[in-house]
Amino acid sequence: MAELEKITFHPEGEDPVDFFVLEQTKIGGVEYILVTDFEDGDGEALILKDISENGGEERVYAIVSEDGELNAVAEVFQSLLEDVELVGHDS
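Small disclaimer: the values here were computed from a predicted structure and weren't measured. (Residues numbered from 1 in each chain as written. Predicted model: local features only at pLDDT ≥ 70, side-chain atom pairs only at ≥ 80, totals over all residues. Heavy atoms only, no water.)

> Describe the packing of aromatic side chains, listing the residues and the values that go with them.
Evaluation of the coordinates by the stated rule reveals 2 aromatic pairs. Summarising the aromatic geometry, the rings of F9 and F19 are spaced 5.5 Å apart at their centres and angled 75° between planes, so their arrangement reads as edge-to-face. Here the residue F9 occupies a position in strand β1 (residues 5–9), and F19 occupies one in strand β2 (residues 17–27), the gap between them amounting to 10 residues. Across this residue pair, the class does not change: F9 and F19 are buried. Where F9 meets Y61, the ring centres are 6.1 Å apart and the plane angle is 80°; that geometry is what we call edge-to-face. One end of the pair, F9, is in strand β1; the other, Y61, is in strand β5 (residues 61–63), with 52 residues separating them in the sequence. Since its relative accessible area comes to 18%, F9 is described here as buried. An aromatic cluster is defined as three or more aromatic residues linked by ring pairs; in this entry it consists of F9, F19 and Y61. (Phe/Tyr/Trp six-rings, centres within 6.5 Å; stacked < 30°, edge-to-face > 60°. Helix = DSSP H or I, 4+ residues; strand = E, 2+ residues; numbered from the N terminus. Buried < 20%, exposed > 50% of the residue type's maximum accessible area, 1.4 Å probe, protein only.)

> Describe in detail the nonpolar core, supporting the description with residues and values.
Counting 8 residues, the largest nonpolar core consists of Y32, L34, I47, V64, V73, A74, F77 and L81. Ranked by the residues each element gives to this core, the list is headed by helix α1 (residues 67–80), at 3 residues. For V64, the contacting residues outside a window of four places in its chain are Y32, I47, L48, K49, E69 and L70. (Core = buried A, V, L, I, M, F, W, Y, C linked by side-chain atoms within 4.5 Å. Contact = heavy atoms within 4.5 Å.)

> Can you explain the layout of surface pockets? Please cite residues and give values.
Space left empty within the atom packing is revealed by a probe, the size of a water molecule, rolled over the atoms. In this structure, the second largest pocket spans a volume of roughly 430 Å³. Looking at the lining of the second largest pocket, the elements with two or more residues in it are β1, β2, β4 (45–50) and β5. Considering only residue class, the lining of the second largest pocket consists of 11 nonpolar, 2 polar and 3 charged. (1 Å grid on protein atoms, 1.4 Å probe; cavity = no way out; pocket = protein on both sides within 12 Å on 5 of 7 lines; lining within 4 Å. Points joined across faces, edges and corners; volume = space filled by probe spheres on them. Nonpolar A, V, L, I, M, F, W, Y, C, P; charged D, E, K, R; others polar.)

> Could you give an account of α1, with specific residues and numbers?
Taking 1.5 Å of rise per residue, the 14 residues of α1 would be expected to cover 20 Å, and the 20 Å separating its terminal C-alpha atoms lies within 8% of that figure. V73, A74 and F77 are the residues of α1 that are buried. Seen along its axis, α1 keeps its buried residues to an arc of 110°; they face one direction. Within α1, the exposed residues directed more than 90 degrees away from the buried face are E75 and S79. The backbone nitrogen of G68 lies 3.0 Å from a side-chain oxygen of the residue at the head of α1, namely E66. (Expected span 1.5 Å × (residues − 1). Arc of directions from axis to C-beta. Polar contact = N/O pair within 3.5 Å; in protein donor to acceptor, adjacent residues only side chain to side chain.)

> Lay out the pattern of salt bridges with the relevant residues and their values.
Applying the stated criterion to the full structure yields 3 salt bridges. For the salt bridge of K49 with E69, the shortest nitrogen-to-oxygen distance reads 3.1 Å. Here E69 lies in helix α1 and K49 lies in strand β4, a separation of 20 residues in the sequence. Judged by relative accessible area, which is 26%, K49 ranks as partly exposed. (Salt bridge = Lys/Arg side-chain N within 4 Å of Asp/Glu carboxyl O.)

If you want it as structure tokens, here you go:
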């Protein structure tokens, strides 16, 4: 398996957090990335939506939490990553 791209998030008021990018896609002009907290094995995965302002140098992402959007984007990632199973959990 190829080495995954590592990105660091800097949540406001919190310590930086590293994630590994499993896949990315664009739907309806919006960029989404699928990230995990572990490079190898089973880890928690999140789908993040690019909410950056046009022309901004840094990318700004928000966790996709709306059920309809989350399910639709998860289906796209599921088809892109045939060997990965995305399993939801109750909040």
